[in-house]
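Overview (structure and organization)
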Amino acid sequence: MFGPVLRGEKCTLRPPRKEELTTYQRWFEDVDVIRFMPGIGPFSDSQEEEWFKRVGEDPKGVTWAIEVDGRVVGMTGIGGIDHRHGTGESGITIGDKSMWGRGVASEAMALRTRFAFRELNLHKVRSRAFMDNEASKRALQKAGYREAGILREEFYRDGRWHDVWMSEVLRADWEKNQSEPKT
């Protein structure tokens with residue numbers, strides 16, 4: 001399903017729009033954007049349409065577009081939601097490279113995590129990043145995620161194997177951090 005509107009100081013999470021599909025396609029044609037993604041893109045028009053329909057109807061997932069100053073700059077979501085065990089796996093892409101390093105991903109992760117715990121009532125959210133993707137790892141840690149392990153040689157990309165950094169955030173830990181004063 002498409003997520004509701006969530007507003008932060010730097011960005012807004014909102015439902016993706018069909019008229020933005022060409023923007024999403026352009027992101028996944030950019031080797032810098034997909035560098036830390038396993039086997040993704042570029043996508044054809046029909047593949048992008050199928051994706052839009054699939055995520056919009058997925059009862060075990062929530063997907064948002066990330067908007068800054070009225071324009072879409074990325075996507076985020078929680079997939080594989082298991083309400084019985086209270087878990088889900090999150091992901092994010094900032095496709096607009098001019099937004100890299102500006103805290104947009106960190107805030108989007110924080111908004112998404114808040115929704116996971118406060119609205120979906122999840123117990124734990126997992127995420128992963130290529131070991132070399134220091135920016136994603138830092139953003140996840142800022143949002144409360146902790147290292148859960150390393151998946152060695154998990155993905156083959158660009159002629160070599162890549163390790164994956166696994167992370168998770170438990171609701172109890174996240175809630176505790178919400179009540180602590182920020183310094």
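Attention here is on the structure that accompanies the text.

Basis of the calculations
Residues numbered from 1 in each chain as written. Predicted model: local features only at pLDDT ≥ 70, side-chain atom pairs only at ≥ 80, totals over all residues. Heavy atoms only, no water. Pairing = 2+ DSSP bridges. Helix = DSSP H or I, 4+ residues; strand = E, 2+ residues; numbered from the N terminus. Salt bridge = Lys/Arg side-chain N within 4 Å of Asp/Glu carboxyl O. Buried < 20%, exposed > 50% of the residue type's maximum accessible area, 1.4 Å probe, protein only. Arc of directions from axis to C-beta. Contact = heavy atoms within 4.5 Å. Right-handed = clockwise from strand over helix to strand, strands pointing away.

Two orientations exist for strands paired in a sheet by backbone hydrogen bonds: parallel and antiparallel. Within the open sheet, the eight strands sit side by side as S1-S2-S3-S4-S5-S6-S8-S7. Their pairing is mixed. Two strands close off the open sheet at either side, each with one partner strand: strand S1 (6-7) and strand S7 (146-157). Looking at chain direction, strand S2 (residues 12-14) and strand S3 (residues 62-68) are connected through three bridges and run antiparallel. Bridged to Arg14 within S3 is Ala65.

Bringing the pattern of salt bridges into the picture now. Close approach of charged atoms allows side chains of opposite charge to pair. Applying the stated rule across the entire model yields 15 salt bridges. Beyond isolated ion pairs, a larger network of salt bridges with shared partners links Arg14, Arg17, Glu20 and Glu67.

Along helix H5 (residues 134-142), the residues that are buried comprise Ser136, Lys137, Ala139 and Leu140. Around the axis of H5, the buried residues are gathered within 165° of arc, so they sit on the same side. Buried residues belonging to H5 abut helix H4 (104-118), strand S6 (124-130) and strand S8 (160-170). A positive backbone phi angle near 105° is found at Gly144, which sits one or two residues after H5.

Regular strands place side chains that alternate from one sheet face to the opposite one. Here eight bridges tie S7 to S8, and the two strands are oriented antiparallel to one another. Each residue of the ladder has a partner; that of Arg157, found in S8, is Arg160.

Let us look at the pairing of S6. Sheet topology note: the strand S5 (residues 87-94)/S6 ladder contains three bridges and is parallel. Bridge pairing in S6 links Glu89 to Arg126. After leaving S5, the chain enters H4 and then returns to the sheet as S6, a path that is right-handed. The sheet contact formed by S6 and S8 spans seven bridges and is antiparallel.

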